[in-house]
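Chain by chain, the residues:
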Amino acid sequence: MAGLNPQKAYRKKLNDFISMKAPPAGLTVDDGIRYWQERLLSFFLFVGAFLGFFVYLPSVALCIKEDLWSAALADTIIYGWVVILYFCKSIPFAVRAISVSLISYLLGITLLLALGPFGGGPVWLFAFPVIVAILLALRISLISLAVNAGTLIIVGILLKFGHMEWDYPAANPAEKWIVISLNFLLLNSIVTISIALISEGMQNLLKRQKSMLASLEKSEEKFRVLFEFAPDACYLSSLEGTLIDGNKTAEKLLGYNKEELIGKNFLELNLLPPEQLPKARELMSKNFEGKGTGPDEFILNRKNDENVLVEIGTRPIEIGGQKIVLGIVRDISERRRLEEQLHQAQKMEAIGML
């Protein structure tokens, strides 16, 4: 906590407390939407268990005052179940998610029947399928929308035939209820389905990304094996010429450990004679344009001050979204020596024939 100001330290403690129960063992951010669903569920339960306490007390007190013992018992059971869900992480995620969703529905229908459309009931009913969309699948959120629609239809039927009345009179209550219900269901469907589709789309996107990353890791592993054990010297550099990596053959060819060269620009090192630097810069400019070069002959200065004749070919490639240059360096000293010997032999043979 050292180095944090008191306000940041307090926020970190609060976040640690909220997330202390948040994801279960073995679940990390790499698990995608599932991880965030756990975090959101934990947050919902935290709010219900701690902030909900200040709603629970006056609600129960009012129920007792008005001799509504069944309502007080229901409030107590619901609040106690929320507390249990928050602290008992051994309860499966699906059970906790469904419980939170059903609590929202039960609160909504209870308040709606007791207080009518101008109480808190419609708000909780609206939240019911939204919570389902956030925590569960698209299909289940559609079922929750159907449950809401069925509930509103039943309430409308009760109003139409006079089996239910609220404390305030209203002209044409059934007709007004139809208009209210249609607007409610329209907005509820738009919000719920949008959230469910976004959640499902993000989950599918994360799955594809994980699959692509796994394929990329396999490709990079194969590339690393080929790179390290290639018979020719290989190096990776930035487009500006800063060395990033080199293989064992490169170390053997130059006499340097790659740690001595990584992070340094080869134009600033003593690897090339001064007269060959302009040619090297010209080839670098082609790499900037996305073009490969070579093979081109160069003389390299080894660590022991010996010179070696090489051919260098380069290709711009992309690894992990970064554009770099792959260079392949082939020692042609022996080949050139044999070519010279063959040339001399052919020359001597031609002279002998004369």
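Okay, so let's go over this structure. (Residues numbered from 1 in each chain as written. Predicted model: local features only at pLDDT ≥ 70, side-chain atom pairs only at ≥ 80, totals over all residues. Heavy atoms only, no water.)

### Structural notes on the environment of Gly 116
Then, number 1: If you trace the backbone, Gly 116 turns up in the loop between α5 (93–115) and α6 (121–135).
Then, number 2: A residue is classified by how much of its surface remains accessible, and Gly 116, at 0% relative accessible area, is buried.
Then, number 3: Residues Gly 116 and Glu 165, spaced 49 residues apart in sequence, show a C-alpha to C-alpha distance of 8.6 Å. (Helix = DSSP H or I, 4+ residues; strand = E, 2+ residues; numbered from the N terminus. Buried < 20%, exposed > 50% of the residue type's maximum accessible area, 1.4 Å probe, protein only.)

### Focus: the packing of aromatic side chains
Then, number 1: One pass over the full model with this rule turns up 11 aromatic pairs.
Then, number 2: Between Phe 53 and Tyr 79, the ring centres sit 6.1 Å apart and the planes meet at 45°, which makes this aromatic pair tilted. One end of the pair, Phe 53, is in helix α3 (residues 53–65); the other, Tyr 79, is in helix α4 (residues 69–87), with 26 residues separating them in the sequence.
Then, number 3: Residue classification places Phe 53 among the partly exposed positions, given a relative accessible area of 32%.
Then, number 4: Given a relative accessible area of 17%, Tyr 79 falls into the buried group.
Then, number 5: Taken together, a centroid distance of 4.9 Å and an interplanar angle of 10° make the contact between Tyr 56 and Tyr 79 stacked. Of this pair, Tyr 56 sits in helix α3 while Tyr 79 sits in helix α4; the two residues are 23 residues apart in sequence, bridging distant segments of the chain.
Then, number 6: One aromatic cluster in this structure is built from Phe 46, Phe 50, Tyr 86 and Phe 87. (Phe/Tyr/Trp six-rings, centres within 6.5 Å; stacked < 30°, edge-to-face > 60°.)

### A closer look at the pattern of salt bridges
Side chains bearing opposite charge may pair, as long as their charged atoms lie close to each other.
Then, number 1: Under the criterion given, the structure shown has 10 salt bridges.
Then, number 2: Across the pair Lys 291 and Glu 289 runs a salt bridge whose closest N-O atoms are separated by 3.3 Å.
Then, number 3: We classify Lys 291 as partly exposed; its relative accessible area is 47%.
Then, number 4: Classification of Glu 289 by relative accessible area gives exposed; the value is 53%.
Then, number 5: The shortest N-O distance in the salt bridge between Glu 334 and Arg 337 comes to 2.3 Å. In this pair, Glu 334 and Arg 337 are both assigned in helix α11 (residues 333–353), 3 residues apart and thus about one turn of the helix distant.
Then, number 6: Note on Glu 334: relative accessible area 43%, which makes it partly exposed.
Then, number 7: The structure contains a network of salt bridges with shared partners spanning Glu 228, Asp 245 and Lys 258. (Salt bridge = Lys/Arg side-chain N within 4 Å of Asp/Glu carboxyl O.)

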